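# Summary of the model geometry
So you can see what is in the structure, the chains are spelled out below.
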Amino acid sequence: MLILPAVSCAMALSQPAADTTARPWWHDAVFYEVFVRSFADSTDGPLANDGVGDFRGLTARLDYLNDGDPATTTDLGIDAIWLMPINESPSYHGYDIVDYKSIDAEYGTPEDFRAFIDAAHERGIRIIIDLVLNHCSNRHPWFEEAASDPDSPKRDWFIWADQDPGYRGPWGQQVWHRVSHDQDAPLYYGCFYRGMPDLNLHNPAVTAELKEIARFWIQDMGVDGFRLDAIKHLIEDGATQENTQATIDWLEDFNAYCKSLNPDFFTVGEVWSTTDQVARYIPAAVDTAFEFDLAQTIIDGLNTGDATKIRDRIALVADAYDTPVATFLTNHDQARLMTQLGESESKAKAAASILLTLPGVPFIYYGEEIGHTGGKPDPNIRTPMQWDATGETFSAAEPWRAAQPDAVRRNVREQQGHPGSLLEHYRRLIDLRKSTPALTQARVIPLDPPEDAILAFIRRDDTGRQCLVVVNTSADPIGWYAVPLDQPVPPGPLRDISGNRRPFGSLSDDRATFRGGGIRGHELFVIELPNAG
Ligand SMILES: [Ca+2]
Ligand SMILES: [Ca+2]
Ligand SMILES: [Ca+2]
């Protein structure tokens, strides 16, 4: 009886107390998605100059993303990196894993990875990694054992049928695959394709193993979070293969387990569904998830020059979630933003303007900040980072995949430090977001301006700090323009804090009036407003 209090006291001392009043770190973070294979080849060590990006190369390029010094403005200023899969895999992309605790030998050793994590943390950059829970590779030893021996304990790690259940997958695809060419062979379930058999998450042994894998990356490797792949597909209920309640329940347990190991741990889920479905997962099944509908609405709005659907979507998203949702424009599964915008640099700037002034946790896909192009097939949207016109900064060797032809004019060297460039636009907006509390922590109040091309909203926090964001989604300038506000403000001049262009006009009563040059095509203004009462 005397021992018990002493033990619990020692345990309390050995664990840093979590500050439950502080906002989670990821609420204020800007993320950057990296495909290690395509980011930077190393210049020394065993993996140097082979045309394949690796951890040493990525580590050497961290200062581009954030040099850890708030006084310098040469870096992009992101706070966290999402690494696409880094485990051993037969594919170039890595979403079909054969060893969940490994580092892809083309990317480096576990020591290289730890050195990368340390270098990132020294700069204040957090690292989250892709974790693929739904399926593994059909060349994973688990599946090879299960497929070759029906009596194997691994058999029930996957999902089997003796006869074809007769239904197809969510997008009409074949999901039941014969284990051999024998037409009477048993079938296994693989939602994405036959090379990716789904794991059976009803099986407690599978759940225990996936938790052990999570523990390994959290405790032994020191990652700060997981991006959880394809989670709406985790647990099927017969022909119902998406967003089942069993999936959400499983994730709630998994997420709680991760948090039990590290209270600051972060999970973001890929739930490629409509907003109402995504909202079911947040915040218990995952801390947050990607807002696919908002991303596409922003792109469509810029392509039509019509802001009304963006405004409606912003209002809907603001109502749907109680915690910040993961916002983005494109990711590694979609045609590059610049390509979707018809290679219009001014549209790309407007897209960034919207992404980085809205609430949420913004994710930038590598290269988006310099206007990488590329359409399907997938390898063309995952091409080497365009550091310079020749490609030699990516690698001294022939790259694993050719860079886009426009690398000669769209590259970091051309844009870094160049005031009008897309890269500088991103850098300034990230800096503005981090230095303007109303742009990160505040709610959004969509406004209803009379001109359909104008997107206008107020960001206002609980203390009344606020600003007005105005983006022209069309290429056409608007000469004289009054944006109606939601409440009156004292009279005064318009003061822009985006560093864009000095606006001519005034605040008065319940409107912000842009005179003189008005608002140019695709232009952004972030107008300071006096604190709301
Ligand atoms: Ca390499
Ligand atoms: Ca800096
Ligand atoms: Ca599944």
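Residues numbered from 1 in each chain as written. Chains lettered and ligands numbered in written order. Predicted model: local features only at pLDDT ≥ 70, side-chain atom pairs only at ≥ 80, totals over all residues. Heavy atoms only, no water.

As a further point, take the overall build of the protein chain. The helix and strand tally for the protein chain stands at 16 helices and 17 strands. Its C-alpha atoms give the protein chain a radius of gyration of 25 Å, near enough to 24 Å, the size a compact globule of 533 residues would have. Taken over the C-alpha atoms alone, the protein chain extends approximately 80 × 65 × 50 Å along its principal axes. Counting across all 533 residues of the protein chain, residues that qualify as buried make up 56%. (Helix = DSSP H or I, 4+ residues; strand = E, 2+ residues; numbered from the N terminus. Rg over C-alpha atoms; globule rule 2.2 N^0.38 Å. Buried < 20%, exposed > 50% of the residue type's maximum accessible area, 1.4 Å probe, protein only.)

Tetrahedral coordination by four donors places them ideally at 109.5 degrees to one another around the metal; octahedral coordination by six donors ideally gives 90 or 180 degrees. At 2.4 to 2.8 Å from the calcium ion (ligand 2) lie its protein donor atoms, namely Asp67 (OD), Asp69 (O), Thr72 (O), Thr72 (OG1), Asp75 (OD) and Asp75 (OD). Mapped onto the polypeptide sequence, the residues donating to the calcium ion (ligand 2) form the spacing pattern D-x1-D-x2-T-x2-D. Owing to a relative accessible area of 7%, Asp75 belongs among the buried residues under this scheme. (Donors = N, O, S within 2.8 Å, 3.2 Å for Na, K, Ca; no water.)

The subject of this paragraph is the pairing of strand E14 (residues 466-472). Put simply, side chains in a regular strand alternate between the two faces of the sheet. Of all seven residues that make up E14, seven are buried, and the element is covered over most of its length. In terms of strand pairing, strand E13 (residues 454-460) meets E14 through seven bridges, oriented antiparallel. If you follow Phe457 over to E14, its bridge partner there is Val469. Joining the antiparallel neighbours E13 and E14 is a turn of five residues, in which Gly464 adopts a positive phi near 95°. In this structure, E14 lies alongside strand E17 (residues 524-529), joined through six bridges in antiparallel fashion. Bridging across to E17, Val470 finds its partner in Phe525. (Pairing = 2+ DSSP bridges.)

Another point: the sheet that holds strand E4 (residues 160-161). Strand order across the open sheet formed by three strands is E4-E6-E5, with antiparallel pairing between neighbours. At either margin of the open sheet sits one strand with a lone partner, and together these are E4 and strand E5 (176-178). Relative to strand E6 (residues 187-189), E4 runs antiparallel, the two sharing two bridges. Along E6, the bridge assignment pairs Ala161 with Leu187.

Quick look at the side chain of Thr288 now. Turning to its location among the elements, Thr288 is positioned in strand E9 (residues 288-289). For Thr288, a relative accessible area of 0% corresponds to the buried category. Excluding residues within four positions of it along the chain, Thr288 makes contact with Trp26, Phe266, Thr267, Val268, Gly269, Ile282, Pro324, Val325 and Ala326. (Contact = heavy atoms within 4.5 Å.)

To continue, consider the packing of helix H10 (residues 292-304) against helix H13 (residues 345-355). In a packed pair of helices, the relevant descriptors are the angle between the two axes and the axis-to-axis distance. Relative to each other, H10 and H13 sit at 140°, their axes nearing to 10 Å. Taken together, the axis directions place H10 and H13 in an arrangement best described as oblique. In terms of crossing hand, the pair formed by H10 and H13 is right-handed. Judged by residue contacts, Ile298, Leu302 and Asn303 of H10 engage Lys347, Ala350, Ala351 and Ile354 from H13. Of the residues belonging to the contact of H10 with H13, the class tally is five nonpolar, one polar and one charged. (Axes fitted to C-alpha atoms, helices over the stretch in contact; angles between N-to-C directions. Parallel < 35°, antiparallel > 145°, perpendicular 65-115°, else oblique. Left-handed = near helix turned anticlockwise from the far one by under 90°. Nonpolar A, V, L, I, M, F, W, Y, C, P; charged D, E, K, R; others polar.)

Quick look at the domain arrangement of the protein chain now. Looking at the protein chain, the domain boundaries give domain 1 (29-137 + 201-438), domain 2 (141-189) and domain 3 (444-529). Each of domain 2 and domain 3 has a C-alpha centre, and the two are 58 Å apart. (Domains from an automatic or database assignment.)

Bringing the nonpolar core into the picture now. Counting 135 residues, the largest nonpolar core has Tyr32, Phe39, Leu83, Phe113, Trp217 and Phe226 as the members making the most contacts within it. In terms of residue count, helix H7 (residues 204-220) provides more of this core than any other element does, seven residues in total. Residues in contact with Phe39, not counting those within four places in the same chain, are Tyr32, Val34, Leu58, Arg61, Tyr64, Leu65, Tyr366, Met385, Trp387 and Phe394. Of all hydrophobic cores here, the second largest spans 20 residues; its members include Val470, Val483, Ala512 and Leu529. (Core = buried A, V, L, I, M, F, W, Y, C linked by side-chain atoms within 4.5 Å.)

With that out of the way, let us pick up the coordination of the calcium ion (ligand 1). The protein atoms that coordinate the calcium ion (ligand 1) are Asp41 (OD), Leu47 (O), Asp50 (OD), Val52 (O) and Asp54 (OD), at distances spanning 2.3 Å. Here the donor residues of the calcium ion (ligand 1) share one chain and are spaced in sequence as D-x5-L-x2-D-x1-V-x1-D. Taking the relative accessible area as the measure of exposure, Asp54 reaches 1% and is therefore buried.

Under the 1.5 Å per step criterion, the end-to-end length of helix H8 (residues 245-261) is 25 Å for 17 residues, consistent within 8% with the ideal 24 Å. Three or more residues of H8 are buried, namely Thr247, Ile248, Trp250, Leu251, Phe254, Asn255 and Cys258. Down the axis of H8, the buried set is contained in an arc of 160°. They therefore lie on one face. At its buried positions, H8 is contacted by strand E3 (126-131), H7, strand E7 (225-228) and strand E8 (266-269). (Expected span 1.5 Å × (residues − 1). Arc of directions from axis to C-beta.)

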